[in-house]
Structure formats: C-alpha cells, structure tokens
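# Overview (structure and organization)
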Amino acid sequence: MNSHPIRLHVISASVRPTSAARPVARWVADRAREHGGFEVTPVDLDDLALPFLDEPEYASSGIYTHPHTREWSALVDSADAFLLVLPMYNGGFTAPFKNAIDFLYREWQGKPAGLVSYSAGGSGGAPAGRMLRPVLRAVGMVPAESSVAVPGITGLISPDGFLAPQGLAGELAAVLDEVAALTKAPVGA
C-alpha cells in the first residue's frame, strides 16, 4: 500500500477560453482535497499549449525531442491517478485532449482515471466519456467504472464558479473512492 497520499492530477480537458471545464475542475479538485488521501494537482490543458503531436518517434519509444513533450511527460509521470474533466463536443471528447493523450504512452500505464463529463444538454456529456474509455484503455490506463455526468452546464456556471447540483458531491465521492481503490490495488488485480 502507498505510504504517501495519492498524487491525483485533475485535468481540465478543454482549451476554450470560456470553457466550463475550469470551474468544474476547481470544484472537483476541492472535493478531492476534502475527500482525503489525495495530493491534488490541477492541470489546465490550455496552460500546456501543446502543439499538434510533433514528435518524430512513436510515443511508445519514450524518445522525446521537444521540451514541451518532456515537460508533459514529467507532469503525467508524477501522477498516481487522474480525474478528467471533459466537455462533450458533437457527441465526443475534445481533439486537444486526444492530442495530449497521444503524446505519451508509458506515463499513462496502469494509472486509474475517473471521468467527470458535462454538456449543455441532458446527457451530461456521458457519450464523450463512453468514447474516451477505449482510448484510455489503449494507452494502458484503468478507467473507473463509476463516473459523473453533469447536464445543463450553462445554467450551473456563475461568476462565483460551478454551482453543483444536489447529489453531485456524492457521485463524485464514489468516483474518488473507486480511483483510490484502483490506485492501491496491485497491478492485474
């Protein structure tokens, strides 16, 4: 069992300047801190400013020629687990997030990921989460079975941040519990 807190990176998977991912990710990070047992690092995909994948070698080689890739590699490598906050665009997850995933391979291996999706409509972005799961598995991540889907996001963002609907904190706590359990589970368990 880990002797240190679980190093949880909460990734805001949108680069839109007005994205709801940022206030939702702040709320998620705050709940993870309150949950206990997590050392939380917020990661805003927009701050990384990754270009389209520009490495000459395959990610699985681990040979990175660009400083932005080495920095992204070190950031992802330093995490034990992830909570991914993702919007749904046209039924799927964002292209910049897929690009960020594709930059790396070894760094994702065996790491649990919880999903928090959102949309303006009634699905809460659940289709984006379903689309993302096979991608996460392909790079060796372990997606949590439980997830959070937030419908009607436009009515839940205010100048003060994200106004979480009743019961959402409980859903997120279940995801955090599962991510913690997956992080502590032996590989292959």
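Our structure is the block above this text.
Just so we're clear, the structure is a prediction, and the values are computed from it rather than from any experiment. Going along each chain's sequence as written, the residues are numbered from 1 onward. With the structure being a predicted model, the display of local features is reserved for residues of pLDDT at least 70 and the display and counting of side-chain atom pairs for 80 or more, all residues being used for whole-chain, interface and lining totals. Heavy atoms throughout the structure, all of them, feed into the side-chain values; hydrogens and water do not.

Only protein atoms enter the calculation, which uses a 1 Å grid: trapped sets of points that fit a 1.4 Å probe without letting it out are cavities, open sets showing protein on both sides within 12 Å along at least five of seven lines are pockets, and any residue with an atom within 4 Å of a point is a lining residue. Grid points are joined across faces, edges and corners, and a volume is the space filled by probe spheres set on the points. Roughly 190 Å³ of volume is contained in the second largest pocket. Lining the second largest pocket are 13 residues, and of these Arg16, Ala20, Tyr118, Ile153 and Thr154 lie nearest its centre. In this count, Pro and Cys sit with the nonpolar residues alongside Ala, Val, Leu, Ile, Met, Phe, Trp and Tyr, while Asp, Glu, Lys and Arg are called charged and the others, Gly among them, polar. Its residues assigned to classes, the lining of the second largest pocket comprises 8 nonpolar, 4 polar and 1 charged.

This part is about the pattern of salt bridges. A pairing counts as a salt bridge when a side-chain nitrogen of Lys or Arg comes within 4 Å of a carboxyl oxygen of Asp or Glu. Scanning the model with the defined rule gives 8 salt bridges in all. Ionic pairing is found between glutamate 34 and arginine 31, a salt bridge with its closest N-O pair at 2.9 Å. Of the two residues, glutamate 34 and arginine 31 are both situated in helix H1 (residues 21-35); the distance of 3 residues between them amounts to about one turn of the helix. Where helices and strands are cited, they refer to DSSP runs of H or I of at least four residues and of E of at least two residues respectively, numbered from the N terminus.

Another point: unusual backbone geometry. Notably, alanine 49 is not glycine yet its phi reads approximately 50 degrees, a positive angle. Relative to the assigned elements, alanine 49 resides in the loop between helix H2 (45-48) and helix H3 (67-77).

Here we take up the packing of helix H4 (residues 95-102) against helix H5 (residues 126-138). Fitted lines through C-alpha atoms serve as axes, helices being fitted only where they are in contact, and the angles separating the N-to-C directions of these axes extend from 0 to 180 degrees. Here H4 crosses H5 at 10 degrees, and the two axes come no closer than 11 Å. Judged on the interaxial angle alone, H5 and H4 are roughly parallel. Touching Phe97, Lys98 and Ile101 of H4 are Leu132, Val135 and Leu136, all from H5. Note on angle classes: values under 35 degrees are labelled roughly parallel, values over 145 roughly antiparallel, values of 65 to 115 roughly perpendicular, and the remainder oblique. Residue contacts are defined here by distance: any two heavy atoms, one from each residue, within 4.5 Å place the two residues in contact.

The next thing to look at is the pairing of strand E2 (residues 38-44). The pairing of strand E1 (residues 6-12) with E2 spans 7 bridges and is parallel. The residue bridging histidine 9 from the neighbouring strand is threonine 41, located in E2. With strands facing away from the observer, any crossover in which the path from the first strand over the helix to the second runs clockwise is taken as right-handed. Crossover handedness for the path E1 to H1 to E2: right-handed. Only strands joined by at least two bridges in the DSSP assignment are considered to pair.

It is worth spelling out the sheet that holds E1 at this point. Pairing in this open sheet of 5 strands is parallel, and the strands run E2-E1-E3-E4-E5 from one edge to the other. The sheet is open, and its two borders are formed by E2 and strand E5 (142-150), each paired with just one other strand. Going across the sheet, the axis of each strand differs from the next one's by a mean of 20 degrees, ignoring polarity. Where strand E4 (residues 112-118) lies against E5, 6 bridges are found, and the strand directions are parallel. Within the sheet, the bridge partner assigned to proline 112 lies in E5 and is valine 142.

With that settled, consider the packing of H1 against helix H6 (residues 168-184). Look at H1 against H6: their axes get within 10 Å of each other, and the N-to-C directions meet at 65 degrees. Remark: the crossing between H1 and H6 carries right-handed chirality. Contacts from Trp27, Val28, Arg31, Ala32 and His35 in H1 reach Leu168, Ala169, Leu172, Ala173, Leu176 and Asp177 in H6. Taken together, the residues of the contact of H1 with H6 break down into 8 nonpolar, 1 polar and 2 charged. With the far helix as reference, a near helix turned anticlockwise by less than a right angle produces a left-handed crossing, and one turned clockwise produces a right-handed crossing.

So, about H4. Burial status follows relative accessibility: with a 1.4 Å probe on protein chains alone, a residue under 20% of its type maximum counts as buried, one over 50% as exposed, and anything between as partly exposed. Here H4 has its buried residues at Phe97, Asn99, Ala100 and Ile101. If you follow the buried residues of H4, they end up packed against E1, H2, H3, strand E3 (81-87) and H5. With a side-chain oxygen positioned 3.2 Å from the backbone nitrogen of phenylalanine 97, the residue opening H4 is threonine 94. Polar contact is defined as a pair of N or O atoms within 3.5 Å, subject to the rule that within protein one atom must be able to donate a hydrogen and the other to accept it, and that residues adjacent in sequence are counted only when both atoms are side-chain atoms.

Let us look at the side chain of aspartate 80. Mapped onto the elements of the fold, aspartate 80 is located in the loop between H3 and E3. With relative accessibility at 13%, the residue aspartate 80 sits in the buried group. Here arginine 7 takes part through its side chain, which lies 2.6 Å from a polar atom of the side chain of aspartate 80. Not counting the four nearest positions on each side in its chain, aspartate 80 is found in contact with His4, Pro5, Ile6, Arg7, Lys111, Pro112 and Thr183.

What makes a nonpolar core is a set of buried Ala, Val, Leu, Ile, Met, Phe, Trp, Tyr and Cys residues whose side-chain atoms join them at distances within 4.5 Å. Within the largest apolar cluster, 30 residues are counted, with the highest numbers of intra-cluster contacts made by Leu8, Val10, Val28 and Val85. Contributing elements (two or more residues each) for this core: E1, H1, E2, E3, E4, E5 and H6. Here the element with the most residues in this core is H1; it accounts for 7 residues. Contact partners of valine 85, with chain neighbours within four places excluded, come to Val10, Ile11, Ser12, Ala13, Ala21, Val24, Ala25, Val28, Val116 and Tyr118. With 27 residues, the next largest nonpolar core counts Phe97, Ile101, Ala113 and Leu132 among its residues.

All we've got here are geometric facts, nothing functional implied.
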